[in-house]
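Spelled out from the first residue to the last, the chains are:
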Amino acid sequence: MNSSRYILARIALSFGLTRKVKRLSEAADEMHLLCQAQEILGEDTWEQVEEVEAVHVDYWSLRKHQLAIDKLKKKIEVADAVLEASQEERNALLNQNNDVCEALEEERDDLIKQSEKIIAQRDEIIACAQQIKRRFEASQTKIEVLTTQDKDGHTEDNSSLIEEERMKVVGYKKDFVRLKKERKAIGNKIREFDVKIESVENKIAQDRKRLRSEASDAYQSIGQANRDKSKLSAEVGTIEDKKKQHFAEIGRYISTHVGSDPICTKICNDHSHLVAQIQNLRTSIALNQKLAAMAGHH
């Protein structure tokens, strides 16, 4: 709102075009912009207002707040260092565990493969024994039948055939004994591999347990450092909000006293464009509020 628009609005008002809500809305929006502009001006110039007595409390409050923020930022740097060290420790533990576990898992897998080969040999022996058993039973049955025929007085002499089958039975028994020994030896080897595999599995479990224990400390440190950082950052944020109030007050004062106070005028020389915007906003707010008040009387 400038003087030309104000005159036009006054003319419109005389014709009954009040637009009170619009004037109040514009004034509210401009007030928000004014506060932001004054805050920016105060932030840019606060270190130069030590000699301006009217804003002494704001200047020294900002000095105090800045000291507090500097201390908090140093604590945040410490928390960052702890966090980085803890993350490196965790990563080192994870990498170390990966190498150890990978070697143990390879050893276990190799043992399992060897065990599976021996188990396959045992299965072959069992299958061979079953075949011999069937042959043994067949020979026993044949001997029984041929012997029965001889007793019943068959004319055919089966004695040579019986003897041949008996020789086979003796051979089958020897094969059984041999296969039994082989199966026992292979069974021992399988048990040995089972013990070795179990031992490696236990090592893997122990190593993982150790990792969880060691990594737990690192994870706790990471969690604590993150909590510390969050708390410290929140404290910084609270102080920054307090600083904004002082910035706004300094910006309001020095922009209001440009021209009347030499120190304020000198400080604002490098911010003339921003000061001009602030003054224009003040004028526009005053005109909009005046129009809204006049509209309320129509």
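What you see is a predicted model; the values in this text were computed from it and never measured.

Novice: Is there a simple way to explain the packing of aromatic side chains in this structure?
Specialist: Within a pair of aromatic rings, the relevant descriptors are the distance that separates the centres and the angle that separates the planes. Here the structure, examined in full by the defined rule, presents three aromatic pairs. Summarising the aromatic geometry, the rings of W46 and Y59 are spaced 5.9 Å apart at their centres and angled 45° between planes, so their arrangement reads as tilted. Linking W46 in the loop between helix 2 (20-45) and helix 3 (56-151) with Y59 in helix 3, this pair joins segments that are 13 residues apart in sequence. The class of W46 is buried, set by a relative accessible area of 9%. Looking at Y59, the relative accessible area reads 4%, which means it is buried. Taken together, a centroid distance of 5.0 Å and an interplanar angle of 85° make the contact between Y59 and W60 edge-to-face. By relative accessible area, which is 41% here, W60 ends up partly exposed. Members of the aromatic cluster, connected to one another through ring pairs, are W46, Y59 and W60.

Novice: Explain the environment of D270 to me, please; I cannot follow it from the model alone.
Specialist: Residue position: D270 is located in the loop between helix 5 (262-268) and helix 6 (272-296). Since its relative accessible area comes to 70%, D270 is described here as exposed. Sequence-wise, D270 and T45 are 225 residues apart; in three dimensions their C-alpha atoms are separated by 9.6 Å.

Novice: What is the right way to read the nonpolar core from this model?
Specialist: The nonpolar side chains of a soluble globular protein tend to be buried, and buried together. Residues V49, I250 and I254 are the most contacted members of the largest nonpolar core, which totals 21 residues. Within the residue set of this core, elements represented by two or more residues are helix 2, helix 3, helix 4 (159-256), helix 5 and helix 6. Contact partners of V49, with chain neighbours within four places excluded, come to V55, Y59, I250, I254 and I267. Formed by 19 residues, the second largest nonpolar core is a distinct cluster that contains I132, L146, I162 and Y172.

Novice: Looking at this structure, I do not really get the pattern of salt bridges. What am I missing?
Specialist: Summed over the entire model, instances satisfying the criterion amount to 13 salt bridges. We note a salt bridge from R178 to E182, for which the minimum N-O separation is 3.2 Å. On the criterion of helical spacing, the pair formed by R178 and E182 is a turn pair, its members being four residues apart in helix 4. Measuring nitrogen to oxygen at the nearest pair gives 2.7 Å for the salt bridge that ties R210 to D207. Of the two residues, R210 and D207 are both situated in helix 4; the distance of three residues between them amounts to about one turn of the helix. Relative accessible area serves as the criterion here: at 27%, R210 is assigned to the partly exposed category. Since its relative accessible area comes to 9%, D207 is described here as buried. Here the residues in one salt-bridge network are R108, D109 and E201, joined through shared partners.

Calculation rules
- Residues numbered from 1 in each chain as written.
- Predicted model: local features only at pLDDT ≥ 70, side-chain atom pairs only at ≥ 80, totals over all residues.
- Heavy atoms only, no water.
- Phe/Tyr/Trp six-rings, centres within 6.5 Å; stacked < 30°, edge-to-face > 60°.
- Helix = DSSP H or I, 4+ residues; strand = E, 2+ residues; numbered from the N terminus.
- Buried < 20%, exposed > 50% of the residue type's maximum accessible area, 1.4 Å probe, protein only.
- Core = buried A, V, L, I, M, F, W, Y, C linked by side-chain atoms within 4.5 Å.
- Contact = heavy atoms within 4.5 Å.
- Salt bridge = Lys/Arg side-chain N within 4 Å of Asp/Glu carboxyl O.

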